[in-house]
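# Observations on the model geometry
So the chains spell out like this:
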Amino acid sequence: MYWEPHEYQKKAVKFLVEHGSGQLWLDPGLGKTSITLETFKVLKAAGAVKKALIVAPLRPAYAVWPEEIKKWDNFADLKISVLHGPTKDRSLTDKADIHVINFEGLQWLSKSLAGKSFPYDLLVVDEISYLRNTRTERFKCLSPFLDKFKRRFGLTGSPAPNSLMDIFGPQLVIDRGATFGRFITHFRTNYFYQTGYGGYTWALKSDSADKIYELLADKVLRMKAEDYLDMPELLLNRVYVDLPEAAKKLYKELESQLLIEFESDQVTATNAAVAVGKCQQIANGAIYLDDTDHEYKIIHTTKIDALDELIEGLNGKPCIVGYHFNHDLKRLQKYLPSAPHIGSGVTPKEMQKVIDKWNAGDIPVLFAHPQSAGHGLNLQGSGHAVIWFSNTWSLEVYDQFIRRLWRQGQRNNIVVHQIIARDTIDEAIVSAINSKDKTQQALMNAVRDYSKQVKEREEIK
């Protein structure tokens, strides 16, 4: 097949070609992979770049980027190598036009390139929101090489999964501090103020959002799938369940301990996360007995019962069920032994078999860990429903997981079912997702509006 770009894809290619560095904020399904490959071909033909390094999550690195080149005839002349597995040392010295590596491989790459001639002039970071934390090992490994690239592009559909604080790291990668400076501490003090227990929370100053949007206006191209694609309808169904009295009593004890820790003003992010995790486990129906996460005790089956009713109501229509804890999966597999799963321990080859069967309509129920199925999976060939057995704090994970089904090529309207344990941490999680969604949508919409204003001002000049 020959890739014939849509007008919006031509616009995206033009944006990247004209910007030495920039970001594409594109919803899944808009073709950011093929857009980037076409941009590379244009730049390579013009002599602007010779060799590209693409950093991506494991699944897109391993399958999506190589498969996209195989899929289209006009990319057939591009040679791509994946720097992963036992042959990566040999692949590093080959004559490929493009090297793809996953984020976890950056430490190996930094050591392998030390003291050698730097081979790349174009950097592409797929899902650049993975670099929002500048203190991570992956960021530190990539940072020393950033100035060596002539051009740097970032791709994502979730630029601010938690708050506007998340945009600093990715933008630092793209323009080396030209927009927001080189230090997160300065960015925080310029646009945020400390609040909450112990001052651990950073909140936006009253006029900061507009300032941030305006600074990003000509550096980011935002495109929503709904504006360019014929998308199926997306519906939300919240299913509330009540914990049994014994489970409710145990939950209240844990919740009280958590509140006492917060009120002491000495709580840390780590012990707060542990306490919140235990509350969420009980809401789901089980809890680990020790720190090994092997042995667990079943508390109740309320969510399993609610899931059973939802699946029964689908009358055989395929659904994907999101879980979080390993004991969630074990209990789900006891409830429905025939259902396959995507998650830890499943090899890429095994995963592809499951994906193929799912898209063929041969799997009525698929269990999936949202972080394992959040990027690079095309599951729109089948499925009518996404069921959240265990709710997630991460807007990025939430959005990406749903968009495995809700995307171009999906023939069905999609219903998202959230199973929520009433009067538990589940309600706080759902509320947090809603508030984060407003923040991210405000960011995306405002950047798009500011971009139009910038363009209009330039045309007037």
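All of the points below concern the structure found in this document. The residue count restarts for each chain, going from 1 along the sequence in the order it is written. Per-residue local features are limited, in this predicted model, to residues with pLDDT of at least 70; the limit for side-chain atom pairs, both in listing and counting, is 80 or more; totals at the level of whole chains, interfaces and linings are taken over all residues. To get the side-chain values, all heavy atoms of the structure are used, and hydrogens and water are removed first.

### With respect to the packing of helix α8 (residues 184-191) against helix α9 (residues 208-216)
Applicable threshold: Helix axes use the C-alpha atoms of the stretch in contact, all axes being lines fitted to C-alpha atoms, and the angles between their N-to-C directions lie in the range 0 to 180 degrees. Secondary structure elements follow DSSP: runs of H or I of four or more residues count as helices, runs of E of two or more count as strands, with numbering from the N terminus. In these notes the angle categories are as follows: under 35 degrees is roughly parallel, over 145 is roughly antiparallel, 65 to 115 is roughly perpendicular, and the rest is oblique. Two residues qualify as a contact provided that any one of their heavy atoms is within 4.5 Å of a heavy atom in the partner residue. All residues other than Ala, Val, Leu, Ile, Met, Phe, Trp, Tyr, Cys, Pro, Asp, Glu, Lys and Arg, Gly among them, are scored as polar; the first ten of these are nonpolar and the last four charged.
It is the contact of α8 with α9, at a shortest axis distance of 9 Å, that shows an interaxial angle of 130°. Regarding the angle of α8 to α9, the classification is oblique. Residues F187, N190 and Y191 of α8 pack against S208, K211, I212 and L215 of α9. When grouped by side-chain class, the residues that make up the contact of α8 with α9 number four nonpolar, two polar and one charged.

### Section: a negative patch on the surface
Inclusion rule: Exposure above 30% relative accessible area and no salt bridge define the residues that can form patches, which grow by joining like charges within 9 Å and nonpolar side chains of Val, Leu, Ile, Met, Phe, Trp and Tyr within 5 Å. Residue-level accessible areas treat just the shown protein chains as cover; the underlying method is Shrake-Rupley with a 1.4 Å probe. Salt-bridge detection follows one rule: a side-chain nitrogen of Lys or Arg within 4 Å of a carboxyl oxygen of Asp or Glu. When charges are tallied, Lys and Arg are placed among the positive residues and Asp and Glu among the negative ones, while His and the ends of the chain are skipped. We put the charge of a Lys on NZ, of an Arg on CZ, of an Asp on CG and of a Glu on CD.
A cluster of acidic side chains, namely D305, D308, E309 and E312, defines a negative patch on the protein surface. Inspection of the secondary structure puts D305 in helix α13 (residues 302-314).

### A look at helix α15 (residues 348-359)
Here is the rule we go by: Multiply 1.5 Å by the residue count of a helix minus one, and that product is the helix's expected span. Summary of the burial criterion: residues with accessible area below 20% of their type's maximum are buried, those above 50% are exposed, and those between are partly exposed, where the area comes from a 1.4 Å probe applied to protein chains only. What the arc covers is the set of directions going from the helix axis to the C-beta atoms.
The end-to-end C-alpha distance of α15 is 16 Å, a good match for the 16 Å that 12 residues give at a rise of 1.5 Å each. For α15, the set of buried residues is M351, V354, I355 and W358. An end-on view of α15 places all buried positions within 100° of arc, on one side of the element. Opposite the packed face of α15, turned more than 90 degrees from it, sit the exposed residues K349 and K353. Looking at the buried positions of α15, the neighbouring elements they touch are α3 (58-71), β13 (319-322), β14 (341-342) and β15 (365-368). Taken from the residues just after α15, G361 is the one with a positive phi, measuring 85°.

### Thoughts on the packing of aromatic side chains
Where we set the bar: The aromatic pairing rule takes the rings of Phe, Tyr and Trp, using the six-membered ring of Trp, and pairs them if the centres are within 6.5 Å, calling planes under 30 degrees apart stacked, those over 60 edge-to-face and the rest tilted. Sitting over a ring, as applied to charges here, requires NZ of Lys or CZ of Arg to be within 6 Å of the ring centre and within 35 degrees of the ring normal.
Evaluated as defined, the whole model comprises 13 aromatic pairs. Measuring from centroid to centroid gives 6.1 Å for F180 and Y191, while their planes differ by 85°, and the two rings are edge-to-face. One end of the pair, F180, is in the loop between α7 (168-175) and α8; the other, Y191, is in helix α8, and 11 residues separate them in sequence. We classify F180 as buried; its relative accessible area is 7%. By way of ring pairs, the aromatic residues F168, F180, F187, Y191 and F192 are connected into one cluster. A cation sits over an aromatic face here: K303 above F389, 6.0 Å from the ring centre.

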